[in-house]
Amino acid sequence: MCIRDRCEKCVGEGQEAKKDYFELLNQVNENVVHHYHKCNRCGMEPIWGPRFVCKVCENFDLCESCVDVNIDSEEKFHDVTHDMEVVEVPLVTHGLPAHAVKCIKCYQKPIIGTLFICSVCDNYAFCQNCYFKLPLTSFTNVRGHKAYHRMEILLEPVSNEKKEYKCGICEVTPIKGIRYKCLNCFDFNLCEQCYLNRDNARPLLSLIHI
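This report concerns the structure included in the present document. For clarity, every value in this text was computed on a predicted model and none was experimentally measured.

## A look at the overall build of the protein chain
A count of helical and extended segments in the protein chain gives 4 helices and 12 strands. The buried share of the protein chain, taken over its 210 residues, is 32%.

Now the structure itself:
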């Protein structure tokens, strides 16, 4: 394997074999970002520029700089005899939406395709595969999740930014611990203490709040 750059014509005319080079098609004129991929050596995340994927090792990616280091170094951190695939343009989702959250069952991140997320709990999300495979009893009493909590289906990517919620009675911000969201109102939430004492809050609290 060689770390020098050659055009296709020079590789064909030279004594070095074509298999000793990585073939780059120059599909883009600038470095692209490979989101959700991390270099297994230097830890670059996301990987900028071409991403080198080992066809032998499971989930093993390298950036271009680390590939050059491994070729030029006497002490190899990765077997140079392994076939590597060069990915110039990332195709993470193949047209499907990518949600920047983690499935609490299989730990897939991002969740590709349909996202199932609790409307009450924070970070309680499932990928489609886990949601339909798990029995209903598996969704209860996990991280404070209850069977009566409404699960929402999201087809479009959600923001990765954590939102701060204000209690509609005591106005504490942000709500810490369990948050109770009204199913009839837009963005009306209660902290756990106010929810447990909500009957004492009337008539300040409307009867429509659930």
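## Concerning the environment of Trp 48
Mapped onto the elements, Trp 48 comes out in strand S2 (residues 47-48). Of the residues examined, Trp 48 reaches a relative accessible area of 51% and is grouped as exposed.

## Points about the side chain of Ser 119
With respect to the element layout, Ser 119 can be found in the loop between strand S8 (115-118) and strand S9 (125-127). Taking the relative accessible area as the measure of exposure, Ser 119 reaches 4% and is therefore buried.

## Side note on helix H2 (residues 64-72)
Taken together, the buried positions of H2 are Cys 66, Val 67, Asn 70 and Ile 71. Projected down its long axis, H2 shows its buried positions confined to an angular sector of 140°, all on one face. Among the exposed residues of H2, those pointing more than 90 degrees away from its buried face are Ser 65 and Asp 72. In this structure, the buried residues of H2 make contact with strand S3 (51-54) and strand S4 (61-63).

## Observations concerning the pattern of salt bridges
For the structure shown, the criterion picks out 3 salt bridges. Note that Asp 61 is salt-bridged to Arg 51, the shortest N-O span being 3.0 Å. Taken as a pair, Asp 61 in strand S4 and Arg 51 in strand S3 lie far apart in primary sequence, 10 residues in all. Each member of the pair, Asp 61 as well as Arg 51, carries the same accessibility label: buried. Here Glu 152 and Lys 181 are joined by a salt bridge, their closest N and O atoms 3.9 Å apart. Of this pair, Glu 152 sits in strand S10 (residues 151-154) while Lys 181 sits in strand S11 (residues 179-181); the two residues are 29 residues apart in sequence, bridging distant segments of the chain. Members of the salt-bridge network, linked through shared partners, are Arg 150, Glu 152 and Lys 181.

Rules of the game
- Residues numbered from 1 in each chain as written.
- Predicted model: local features only at pLDDT ≥ 70, side-chain atom pairs only at ≥ 80, totals over all residues.
- Heavy atoms only, no water.
- Helix = DSSP H or I, 4+ residues; strand = E, 2+ residues; numbered from the N terminus.
- Buried < 20%, exposed > 50% of the residue type's maximum accessible area, 1.4 Å probe, protein only.
- Arc of directions from axis to C-beta.
- Contact = heavy atoms within 4.5 Å.
- Salt bridge = Lys/Arg side-chain N within 4 Å of Asp/Glu carboxyl O.

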